[in-house]
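Secondary and tertiary structure notes
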Amino acid sequence: MIADFNTYIERRKSDCAKWSLYPEDVLPMWVADMDFRSPEPVIKALQDRIEHGVFGYQMDPPGLRDVIVERLKAHHNINAAPEHLVFLPGLVFGVSAVARAVGESGTGILVQTPAYPPFLTAPSNSDRLLQTAPLAVMVEDGVLNYGMDFDALEAAVTPETRLFILCNPHNPVGRVYTRTELEGIADFCIRHDLILCSDEIHCDLIYEGEHHTSIASLSPEIADRCVTLLAPSKTFNIPGFGLGFAVIENPTLRELVSSAAHKVGGHPNALSYTAAEAAYRDGQEWLDEALIYLKGNRDMVFNFVREVLPEVPITQPEGTYLSWLDCRRLNLEPDPYTFFLDNAKVAFSDGKPFDAPGFLRANFATTRDNLTEALNRVRKSLGR
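Keep in mind the model is a prediction, meaning the values are calculated, not measured. (Residues numbered from 1 in each chain as written. Predicted model: local features only at pLDDT ≥ 70, side-chain atom pairs only at ≥ 80, totals over all residues. Heavy atoms only, no water.)

Let's shift gears to the pattern of salt bridges. Under the definition given, this model contains 22 salt bridges. Arginine 175 is paired through a salt bridge with glutamate 181; the nearest N and O atoms lie 2.7 Å apart. Across the salt bridge formed by glutamate 373 and arginine 377, the nearest N and O atoms sit 2.9 Å from each other. In this pair, glutamate 373 and arginine 377 are both assigned in helix α14 (residues 368-381), four residues apart and thus about one turn of the helix distant. Given a relative accessible area of 36%, glutamate 373 falls into the partly exposed group. (Salt bridge = Lys/Arg side-chain N within 4 Å of Asp/Glu carboxyl O. Helix = DSSP H or I, 4+ residues; strand = E, 2+ residues; numbered from the N terminus. Buried < 20%, exposed > 50% of the residue type's maximum accessible area, 1.4 Å probe, protein only.)

Now the structure itself:
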């Protein structure tokens, strides 16, 4: 083992949002970052860069473009060229830039729900119309299973729709979509002449037995209308550096997104480039070990809910480190999020901003001891 995922690192003293938003008696299981020390090669590269002592405006290093292109080909079958990359100060920024780049004022952006909240706010923030279609959902033996509902998509799309936002792996439901499902989405976008924005930020957080397919890799036709959003932030636990990138093969579309990003303003900071290059170049061994640990945590949450909360359907994520729970049958007042925050002193993500009131998103990327304590608090708060 090259990494220690069991040792608790005090984070409140670092002013991090995850641990500082709530009082000290609350265990946070909400925002999507991990409580693990980042890969040592990343830390060493940052220390070396800091020793230089000058931190002016930074251009993206050619070495970073090269290592990203190599990784995209080796891990995701994406044949990107270095010039296809557009660097951004984070994925939320990227979604907003794409929303502003595609269509005109009043045209539609189609999003599947439940959805990562910035997907639901980006349209109105860009003077666009939010259009939604629910994912298909089925509960089988207490397990929440989500999939594509193509009938719902056909019912939601209109002549005004210009952009479709896909999330794969999906936040919050943890699906890693099959090639067949993605082929259906590609056909849908081509038939309706939609630009496709595919958020694949969790694409390296995939559990054993699953395989991530980047939708842009399916055909030249879909690649030509696709903006793929990626980042090292979730994968290597460096979200505080604020770096993401878009992969855009179509030069006209690439220029539209680049121009929109420039108009919105903002760019990655000097250290973010250093951290990203070190992570992609030398972080894989750390990631392999992290995934083993995360799978243990995932199964721990899943088995706890199945045993202690049998009336709560739960996902078994194929990717991400996020569990999704349907707590509506518990009839908790005033709502599940507030109940567990007040009575268990555990802070989950409330499902309401995801367009799913009564649901909770649980981030299990923490030490096994923290996770055990959080689950015990939930159990005791319900008197079980």
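Additional details are given in the paragraphs that follow.
A cis amide bond links threonine 113 to the next residue, proline 114, at an omega of 0 degrees. Summarising the element assignment, proline 114 is placed in the loop between β3 (108-113) and α5 (117-125). Cis geometry is adopted by the peptide bond preceding proline 169, which originates at asparagine 168 and carries an omega value of 0 degrees. The residue proline 169 is located in the loop between β7 (161-167) and α7 (179-191) in this model. Its identity as a non-glycine residue notwithstanding, aspartate 141 has a phi of 55 degrees, on the positive side. Positive phi values are uncommon outside glycine, yet asparagine 237 reaches one of about 55 degrees. Note that asparagine 237 resides in the loop between α9 (233-236) and β10 (244-247). Classification of asparagine 237 as buried rests on a relative accessible area of 10%.

By the secondary structure assignment, threonine 367 is in the loop between β14 (359-363) and α14. Among the polar contacts made by the side chain of threonine 367, one reaches the main-chain amide nitrogen of asparagine 370 at a distance of 3.1 Å. Look past the residues within four positions of threonine 367 in its chain and what remains in contact with it is Phe5, Asn6, Thr7, Tyr8, Phe36 and Tyr293. (Polar contact = N/O pair within 3.5 Å; in protein donor to acceptor, adjacent residues only side chain to side chain. Contact = heavy atoms within 4.5 Å.)

Quick look at the packing of aromatic side chains now. Tallying each qualifying case throughout the model produces 17 aromatic pairs. Through successive ring pairs, a cluster of aromatic residues spans Phe5, Phe36, Phe87, Phe236, Phe245, Tyr273, Tyr280, Trp286 and Tyr293. Lying across the ring of tyrosine 207, arginine 298 places its NZ or CZ 4.9 Å from the centre. (Phe/Tyr/Trp six-rings, centres within 6.5 Å; stacked < 30°, edge-to-face > 60°. Lys NZ or Arg CZ within 6 Å of the ring centre and 35° of its normal.)

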